[in-house]
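Listed below, chain by chain, are the residues.
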Amino acid sequence: MPTPDLASPNAIIPALRVNGKKQALQEIAAKAAVLTGQSDKAILEILLQREKLGSTGVGNGVAIPHGKLAKLGSVFGLFARLERPVDFEALDGQPVDLIFLLLAPEGAGADHLKALARVARLLRDPEVAHKLRNSHDADALYAVLAMPSASAA
Amino acid sequence: MESIDSVSITILFGAVLVLAGIMSSLVALRFGAPLLLVFLLVGMLAGESGIGGIKFDDVRLAYTVGSVALGLILFDGGLRTRTATFRNVLAPAGLLATLGVLIIMALTAPVAVWALQLNWSEGLLVGAVMASTDAAAVFFLLHAKGLRLRPRVSATLEVESGMNDPFAIFLTIVLVEVLFSGRQAWTSIALLLAEKGVIGGLIGWAGGHTMVLVLNRLVLPQGMHAPFVATGALVTFGLAEALHGSGFLAVYVAGLIVGNHETRAHNIIVTFLDAATWLAQIAMFVLLGLLAWPERLPQRLLPALAVALALMLVARPAAVLICLAPFRFSLREKLFISWVGLRGAVSVFLASIPMLVGLPGAHFYFDVAFVVVMLSLLIQGWTIGVAGRLLRVGLPRIDVRARRTELDLPGTLKHELVGYPLVAESPFLRRGIKPSWAKLTLVVRDEHVQTPEEAGEVREGDHVYFLAPPDRVQALDRFFADRPMQASPDAALVEDFFVPADVTLGALAEIYGLTIPPQDAGTVLADYFAAYFIKHPPRPNDAIPLGPVKLVAHTVTDDRVVTVGLQLAEPEPLPRTVWDRAWIRLRRASRRVMARLRRPKP
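These lines cover the structure that appears in this document, whether it is placed above or below. In this text the structure is predicted, and so the values were computed from the model without any measurement.

Notes on helix H5 (residues 120–129) of chain B
Thought 1: Of all ten residues in H5(B), seven are buried; the element is thus mostly enclosed.
Thought 2: Its side-chain oxygen placed 3.1 Å from the backbone nitrogen of Ser121(B), Asn119(B) serves as the N-cap of H5(B).

Next up, the structure:
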């Protein structure tokens, strides 16, 4: 089954330098705002709203902040690899260095959930995470992120 | 003068013996040996053929001490049993404690008849003596091995061992009477049983309520509450026995009632009885060890071993499998429950009854019971941890207990002050999370007592005090436990995200665009889980479908969901873990099928 790319090649930050969770979310929101043409404040707000429920740090150094944005055209993904891991209040307490942002339009419903599930399951694979940590430029990272859908086809 | 001297010597020896028992618990903890076995050994060592050389054959004294000790132990057992737990497992535990005891007795008897060359009544007596399990032994060992069981399994074990004692005691006493006074009609025996049960239950009920009333209505001097309750328990016991009821059932029921009503000084009472129970156990076991005749034991070893093996490998498993068949337990759990049916103090104590009434050949029962209990403690006691691991009944996460201080607040029964030292790895410190019903009230830092406002951000080494409802403080423990980080997430993990269970359904629905009934919007997830599963408290991996997603109970502490996993869509099998996932699905499907099969036809 062909699956749409989780994140386009230009939505990848290979080495983001931040000091904490809050700053990481701000930086990612700002980059997403540029790429989607939405307000960075609105994006940050929905991300923080979700974090309030409980961290999206899913363990093993991976975080998947996500939310719904009213005026978005389609599901949008952005991947960032942090230079230095930061505390993300993750369930397992481990600092996070792989962040995948996923935004969905208000009415996306099941598509939003499916995309989220795909991201979560992809990054949960220790081999994928290992490869992402050892890839240093956007192209290599993109190749890792796109690989499973290619091999599954 | 001489008589005073001999009294002093008796006191000295008695106290030294108990002290030896207490100190030996250090040894037991170090080697993981069953503690009660060590107490028995201390008694035997002190006895006439051991190094102590004490000549002791006062069965009457041993019986009196044993009765008092057992009364307190049973009362304490009742006191600690929450009715909520009790109600959930009343059916399985009740069946195990009644029908199960009968099955064990019936299946052990033929082996006893064969191995020990007895007649049938005598064989049944051996079976009855062996039929009760020892909760204290089981829980001490589980705790020592760091094994955390599913609440339903541990509650079943606990309630069962509380309830089967009175029943085994009934049976034994009735059988002794039968043997003593010749044949009696079975109907009159059944009638006697019923009479003892009803009178015991009623007096226990009345005694429990009287104690609650006195505790809450009369102003007892400070420090008198706990002794009052302990003595009250013994009065209940004595009264029930004097009126031909079962005193053991009465104290258990009384304990259950006192423990489940809001009373003054509840924590002090529990602490006091905990100490009293330990002392009672030590005294009882040391005394029973003294009473034993170690030189006679080797000749009973082989026949007793046959009885013990029949009990462990045939009678108990059969009883458990039959009694738990109508309930939702996995086979592994049933096997575990049958393996940890440890025999203990009650069996040895019961075996001293024939000696007390002077039944011919009474020593024989005592010897056999003694050997069987020793074997059970040795074989089963030492392998509990292994059994738990092999049968995989332990819950994956071992919560290291937090050190909790509880302070009663005179003037209110609804709240108490609960204190914890803050450790670095506690979820409260790491993530700042706590249940909404607990209110931070005091922070003690560097010997100074501060309000939360004065203290500002809490840090490691602080002692924090919360105002919380007494019945929920247990659930608070996990927020302050020193929980080592997990090395890696569970391989079988199918949830995508996790949220704490104090999040409302509405908040979750808003973020994920889920449709929920509007009246549920304000419900927190923990309550939603609690209300969704009517027949049993929520268990790990219980799932509630919610539109396209599933809510999965991830961590459950004290029957309450603490973390909820979100499964966003049916898992798409990744090539690497396809077998894992298929296995999980198969298990889930089979569980569903089994549940459907077991559901009674309308």
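Additional details are given in the paragraphs that follow.
With respect to the sheet that holds strand S2 (residues 416–421) of chain B
Strand pairing within a sheet occurs via backbone hydrogen bonds; the two strands may be parallel or antiparallel.
Residue and element names in this part refer to chain B.
Thought 1: Taking strand neighbours across the sheet as the criterion, the five strands line up as S1-S2-S5-S3-S4 in an open arrangement whose pairing is antiparallel. Of all the strands in the sheet, the pair left with one neighbour each is strand S1 (405–408) and strand S4 (448–450). Neighbour-to-neighbour, the strand axes of this sheet turn through a mean angle of 25°, independent of strand direction.
Thought 2: As paired elements, strand S3 (residues 439–445) and strand S5 (residues 463–468) share five bridges and run antiparallel to each other. Among the inter-strand pairings, Leu-442 is bridged to a residue of S5, identified as Tyr-465.
Thought 3: Against the sheet, helix H11 (residues 266–291) makes contact with S1 and S2, and its axis sits at roughly 130° relative to S1, the strand it touches most.

A word on the sheet that holds strand S7 (residues 543–546) of chain B
Residue and element names in this part refer to chain B.
Thought 1: Judged by pairing direction, the sheet is antiparallel, and its four strands sit side by side in the order S6-S9-S8-S7 without closing on themselves. Every other strand in the sheet has two partners, leaving strand S6 (497–500) and S7 as the edge strands with one partner each. On average, each strand axis in the sheet is tilted by 30° relative to the strand beside it, whichever way the strands run.
Thought 2: Bridge count for strand S8 (residues 549–557) against strand S9 (residues 560–567) is seven bridges, and the pairing is antiparallel. The residue bridging Val-556 from the neighbouring strand is Val-561, located in S9.

Looking at the pattern of salt bridges
Thought 1: Applying the stated criterion across every chain, the model contains ten salt bridges over all chains.
Thought 2: Here Arg133(A) makes a salt bridge to Asp97(A), at a shortest N to O gap of 2.9 Å. Highlighted residues: Arg133(A) in helix H4 (residues 126–133) and Asp97(A) in strand S6 (residues 96–105), separated in sequence by 36 residues.
Thought 3: Between Asp462(B) and Arg445(B) there is a salt bridge, and its shortest N-O distance comes to 2.8 Å. Of the two residues, Asp462(B) is situated in the loop between helix H18 (452–455) and S5 and Arg445(B) in strand S3; the sequence distance between them amounts to 17 residues. For the pair formed by Asp462(B) and Arg445(B), the shared burial category is buried.
Thought 4: One salt-bridge network, in which partners are shared between bridges, spans Lys21(A), Glu51(A) and Glu89(A).

Re the nonpolar core
Thought 1: Counting 123 residues, the largest nonpolar core has Phe75(B), Leu273(B), Leu291(B), Phe366(B) and Phe370(B) as the members making the most contacts within it.
Thought 2: With residues near it in sequence (within four places) discarded, Phe75(B) still touches Met211(B), Val229(B), Ala233(B), Val251(B), Ala254(B), Gly255(B), Val258(B) and Leu273(B).

A word on the environment of Phe13(B)
All names here are of chain B.
Thought 1: Here Phe-13 lies in helix H1 (residues 2–31).
Thought 2: What makes Phe-13 partly exposed here is its relative accessible area of 45%.
Thought 3: For the pair Phe-13 and Ile-54, spaced 41 residues apart in the sequence, the C-alpha separation amounts to 9.1 Å.

Remarks on the packing of helix H3 (residues 59–80) of chain B against helix H10 (residues 247–259) of chain B
Residues and elements named next belong to chain B.
Thought 1: Where H3 contacts H10, the two axes come as close as 6 Å, and the packing angle between them is 35°. Crossing handedness for the pair H3 and H10: right-handed. Here H3 contributes Ser-67, Leu-70, Gly-71, Leu-74, Phe-75, Gly-77, Gly-78 and Leu-79 to the contact with H10, which in turn contributes Phe-248, Val-251, Tyr-252, Ala-254, Gly-255, Leu-256, Val-258 and Gly-259.
Thought 2: Considering only residue class, the contact of H3 with H10 consists of ten nonpolar, six polar and no charged.

Describing the pairing of strand S5 (residues 76–86) of chain A
Residues and elements named next belong to chain A.
Thought 1: Of all the eleven residues making up S5, eight are buried; the element is thus mostly covered by neighbouring parts of the structure.
Thought 2: As judged from the three bridges shared by strand S1 (residues 12–16) and S5, these two strands associate in the parallel manner. If you follow Ile-13 over to S5, its bridge partner there is Ala-80.
Thought 3: Looking at chain direction, S5 and S6 are connected through seven bridges and run antiparallel. Of the residues in S6, the one forming a bridge with Gly-77 is Leu-102.

Digging into the side chain of Glu160(B)
Thought 1: Mapped onto the fold, Glu160(B) is located in helix H7 (residues 151–181).
Thought 2: With sequence-adjacent residues up to four places away left out, Glu160(B) is seen in contact with Ala93(B), Leu96(B), Ala97(B), Thr133(B), Ala155(B) and Arg316(B).

Overview of unusual backbone geometry
Residues and elements named next belong to chain B.
Thought 1: Of note in this structure, Gln-117 is not a glycine but carries a positive phi near 50°.
Thought 2: Within the element layout of this structure, Gln-117 appears in the loop between helix H4 (83–116) and H5.
Thought 3: You can call Gln-117 exposed: its relative accessible area is 70%.
Thought 4: Here Asp-446, not a glycine, exhibits a phi torsion of approximately 45°, which is positive.
Thought 5: By the element assignment, Asp-446 lies in the loop between S3 and S4.
Thought 6: The exposure class assigned to Asp-446 is exposed, which follows from its relative accessible area of 60%.

Some thoughts on a positive patch on the surface
Thought 1: Positive charge collects at one region of the surface, where Arg328(B), Arg332(B), Arg392(B), Arg587(B) and Arg591(B) lie side by side.
Thought 2: By secondary structure assignment, the location of Arg392(B) is in the loop between helix H16 (362–390) and S1.

Observations regarding the packing of aromatic side chains
Thought 1: Under the defined criterion, the tally for this structure stands at six aromatic pairs over all chains.
Thought 2: Taking 4.9 Å as the distance between ring centres and 70° as the angle between the ring planes, the aromatic pair formed by Phe237(B) and Phe248(B) counts as edge-to-face. Highlighted residues: Phe237(B) in helix H9 (residues 225–242) and Phe248(B) in helix H10, separated in sequence by eleven residues.
Thought 3: Residue Phe248(B) is classed as buried on the basis of its relative accessible area of 1%.
Thought 4: Members of the aromatic cluster, each reached through a chain of ring pairs, are Tyr63(B), Phe237(B), Phe248(B) and Phe349(B).
Thought 5: We note Lys21(A) situated over the ring of Phe88(A); from NZ or CZ to the ring centre the distance is 4.8 Å.

Calculation criteria
Residues numbered from 1 in each chain as written. Chains lettered and ligands numbered in written order. Predicted model: local features only at pLDDT ≥ 70, side-chain atom pairs only at ≥ 80, totals over all residues. Heavy atoms only, no water. Buried < 20%, exposed > 50% of the residue type's maximum accessible area, 1.4 Å probe, protein only. Helix = DSSP H or I, 4+ residues; strand = E, 2+ residues; numbered from the N terminus. Polar contact = N/O pair within 3.5 Å; in protein donor to acceptor, adjacent residues only side chain to side chain. Pairing = 2+ DSSP bridges. Axes fitted to C-alpha atoms, helices over the stretch in contact; angles between N-to-C directions. Contact = heavy atoms within 4.5 Å. Salt bridge = Lys/Arg side-chain N within 4 Å of Asp/Glu carboxyl O. Core = buried A, V, L, I, M, F, W, Y, C linked by side-chain atoms within 4.5 Å. Left-handed = near helix turned anticlockwise from the far one by under 90°. Nonpolar A, V, L, I, M, F, W, Y, C, P; charged D, E, K, R; others polar. Patch = residues over 30% accessible without salt bridge, like charges linked within 9 Å, V, L, I, M, F, W, Y side chains within 5 Å. Areas by Shrake-Rupley, 256 points an atom, 1.4 Å probe, with all protein chains shown as cover. Lys, Arg positive; Asp, Glu negative; His and termini not counted. Charge placed at Lys NZ, Arg CZ, Asp CG, Glu CD. Phe/Tyr/Trp six-rings, centres within 6.5 Å; stacked < 30°, edge-to-face > 60°. Lys NZ or Arg CZ within 6 Å of the ring centre and 35° of its normal.

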